[in-house]
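Structural description and commentary
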Amino acid sequence: MTFADYRGTRVVVTGCSSGVGEAAARALVDLGAEVFGLSRRRPTFPIAQFHSVDLASVDSVDHATSLLSGPVDALFNCAGAPPTLSSREILKVNFLGPRLLTERVIEIMPPGGAIANVSSSVAGAWRDHLPVIREFVDTPSYDSGLAWYEEHEKIAGHGYPFSKQALTVWTLQQSSVLVKRGLRINAASPGQVDTALLEVSQQAFPPELLAASLRPSGRASTVQEQVLPLLFLNSRGASYVNGADLAVDGGNSAIQATEVRAG
């Protein structure tokens, strides 16, 4: 058995109609998985089931997940919001929605199941803001999380990096909780990826910041270069990988971690 043997498994992929989510869903179909896709738009290729979902709506998440039949062996949280949306909407799609959806899906996950969350290299500074992030992540519900952010937005900062930091920290926290149920949860943190979202990011972030995030490789990754690490994290071959935040950024996080900062 290879690490990417998904024959006989049932998997859920969010964001299955574009970008990394689409590429992951296509690869999983090719690898023999029964793929259940959740996205705002229907994918253009055949999968076992598709259900429309808007991660910015509690009712939509509840409805879509109620249509899923178990067991689900793996969940790939690939959907995300562009940084050009309002911070409030970004927070819903990048963290509050995926958290709620994951909480629903794990109820139909048998022991041995796995979750892979697509975070971002922009979340790399989460250790510097851990007390604030922990306070937010510990909110018990979608609505209370949104209310917390609206009250603390000045401290938390822009919704895009903060939502990805929250997703990473929540993933690490949940690893010690879900393992008691025989489940694993990990994150992958891409750098820049050559998708339509990159073009949007180029409008939202300063050019010097984008250029710095390409060090040392000097290029953005392809979607395929992001998919293979995700496939590994949720595979049987990664059965002892739990609570990891896997940097898939061409080495940029290594530079940031080892730079000597002035001051």
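Report on the accompanying structure. (Residues numbered from 1 in each chain as written. Predicted model: local features only at pLDDT ≥ 70, side-chain atom pairs only at ≥ 80, totals over all residues. Heavy atoms only, no water.)

Remarks on the overall build of the protein
As a reminder of what qualifies: Secondary structure elements are taken from DSSP: a helix is a run of H or I of four residues or more, a strand is a run of E of two residues or more, and numbering for both begins at the N terminus. Using C-alpha atoms as the atom set, the radius of gyration is obtained and then compared with a globule rule of 2.2 Å times the number of residues to the power 0.38. A 1.4 Å probe rolled over the protein chains alone gives each residue an accessible area, and that area as a share of the maximum for its type sets the label: buried under 20%, exposed over 50%, partly exposed in between. Calculation of accessible area relied on Shrake-Rupley with a 1.4 Å probe; when residues are assessed, cover is drawn exclusively from the protein chains displayed. Neither His nor the chain ends contribute to the count of charged residues, in which Lys and Arg are positive and Asp and Glu negative. In plain terms, the charge of a residue is placed at NZ if it is Lys, CZ if Arg, CG if Asp and CD if Glu.
A count of helical and extended segments in the protein gives ten helices and seven strands. Relative to the 2.2 N^0.38 estimate, which gives 18 Å for 263 residues, the radius of gyration of the protein is 17 Å and therefore close to what a compact globule would have. A principal-axis box enclosing the C-alpha atoms of the protein has dimensions of 55 × 40 × 35 Å. A burial count over the protein gives 49% of its 263 residues as buried. Roughly 12,200 Å² of accessible area belongs to the protein as shown, and the carbon and sulfur atoms make up 55% of that amount. Charged side chains in the protein number 21 positive and 25 negative. The centres of these two groups are separated by 4 Å.

What to know about the sheet that holds strand β3 (residues 49-52)
Note the threshold: Only strands joined by at least two bridges in the DSSP assignment are considered to pair. Comment: axis = line fitted to C-alpha atoms, over the contacting stretch for helices; angle = value between 0 and 180 degrees taken between N-to-C directions. Between two residues, a contact is recorded if the distance between any of their heavy atoms is within 4.5 Å.
Across the sheet, which stays open at both edges, the seven strands sit in the order β3-β2-β1-β4-β5-β6-β7 with parallel pairing between neighbours. Where the open sheet ends on each side, the last strands, each with one partner, are β3 and β7 (245-248). The sheet shows a mean angle of 15° between the axes of neighbouring strands, direction not considered. The pairing of strand β6 (residues 184-190) with β7 spans four bridges and is classified as parallel. Along β7, the bridge assignment pairs Ala187 with Asp245. Against the sheet, helix α1 (residues 19-30) engages β1 (10-14), β2 (34-39) and β4 (74-77), with an angle of about 165° to β1. This element, helix α3 (residues 87-105), spans β1, β2, β4 and β5 (114-118) of the sheet and lies at about 175° to β4.

Brief notes about the pairing of β1
For clarity, the cut-off: We call a crossover right-handed when, viewed with both strands directed away from the observer, the connection leading from the first strand over the helix to the second proceeds clockwise.
Most of β1 sits inside the fold, with five of its five residues counted as buried. Burial of β1 is two-sided: the residues Arg10, Val12 and Thr14 facing one way and the residues Val11 and Val13 facing the other way are all buried. Both β1 and β2 contribute to a ladder of five bridges, which runs parallel. Counted as the bridge partner of Val13 is Gly37 from β2. Handedness of the crossover is the feature at issue here: the chain leaves β1, passes through α1, returns alongside β2, and the resulting connection is right-handed. When β1 meets β4, the two strands line up parallel, connected through four bridges. In the sheet register, Val13 faces β4, and the bridge partner there is Phe76.

Some points on helix α5 (residues 142-156)
Operational definition: Any helix carries an expected span of 1.5 Å times its number of residues minus one. To obtain the bend at a residue, axes are fitted to the seven residues ending there and to the seven starting there, and the angle between these axes is taken.
Helix length check: α5 (15 residues) gives 17 Å between terminal C-alpha atoms against 21 Å at 1.5 Å per residue, more than 12% under. At Glu150, α5 shows its strongest bend, of approximately 55°. When α5 is considered as a whole, its buried residues turn out to be Tyr142, Gly145, Leu146, Trp148, Tyr149, His152 and Ala156. One or two steps after α5, the chain reaches Gly157, where phi turns positive at roughly 90°.

Details of the layout of surface pockets
Quick reminder of the rule: The definitions used throughout rest on a 1 Å grid laid over the protein atoms alone, on which a cavity is an enclosed set of points accommodating a 1.4 Å probe that cannot get out and a pocket is an open set flanked by protein within 12 Å on both sides along at least five of seven lines; lining residues are those having an atom within 4 Å of a point. Grid points are joined across faces, edges and corners, and a volume is the space filled by probe spheres set on the points.
As a volume, the second largest pocket reaches approximately 190 Å³. Lining the second largest pocket are 15 residues, and of these Asp73, Gly112, Asn234, Ser235 and Arg236 lie nearest its centre.

Observations regarding the packing of helix α2 (residues 58-66) against α3
The test is simple: When an angle is under 35 degrees it counts as roughly parallel; over 145 it counts as roughly antiparallel; between 65 and 115 it counts as roughly perpendicular; any other value is oblique. Crossing handedness: left-handed means the near helix sits turned counterclockwise from the far one by under a right angle, and right-handed means the same turn made clockwise. Nonpolar residues are Ala, Val, Leu, Ile, Met, Phe, Trp, Tyr, Cys and Pro. Charged residues are Asp, Glu, Lys and Arg, and all others, Gly as well, are polar.
Two elements in contact, α2 and α3, have axes whose closest approach is 10 Å; the angle formed by their N-to-C orientations is 25°. Considered as vectors, α2 and α3 are oriented roughly parallel to each other. Relative to α3, α2 is oriented so that their crossing is right-handed. The residues of α3 that touch α2, namely those facing Val58, Val61, Asp62 and Thr65, are Leu100, Leu101, Arg104 and Val105. Residue composition of the contact of α2 with α3, grouped by class: five nonpolar, one polar and two charged.

Concerning unusual backbone geometry
Here the residue pair Gly70 and Pro71 is connected by a cis peptide bond, since its omega of -5° sits within 30 degrees of zero. With respect to the helices and strands, Pro71 occurs in the loop between α2 and β4.

Quick word on the nonpolar core
As a reminder, the rule being used: Take the buried residues of types Ala, Val, Leu, Ile, Met, Phe, Trp, Tyr and Cys, join any two whose side-chain atoms come within 4.5 Å, and each joined set is a nonpolar core.
Counting residues in hydrophobic clusters, the biggest one holds 41 residues, and the most contacted among them are Phe95, Met109, Phe136, Val137 and Phe162. Here this core takes eight residues from α3, the largest share from any one element. If we ignore the near neighbours within four places in the chain, the residues touching Phe162 are Leu91, Val132, Ile133, Phe136, Trp148, Tyr149 and Ala156. Core analysis: the next-biggest nonpolar cluster, separate from the first, contains 27 residues, Tyr6, Ala23, Ala25 and Ala116 among them.

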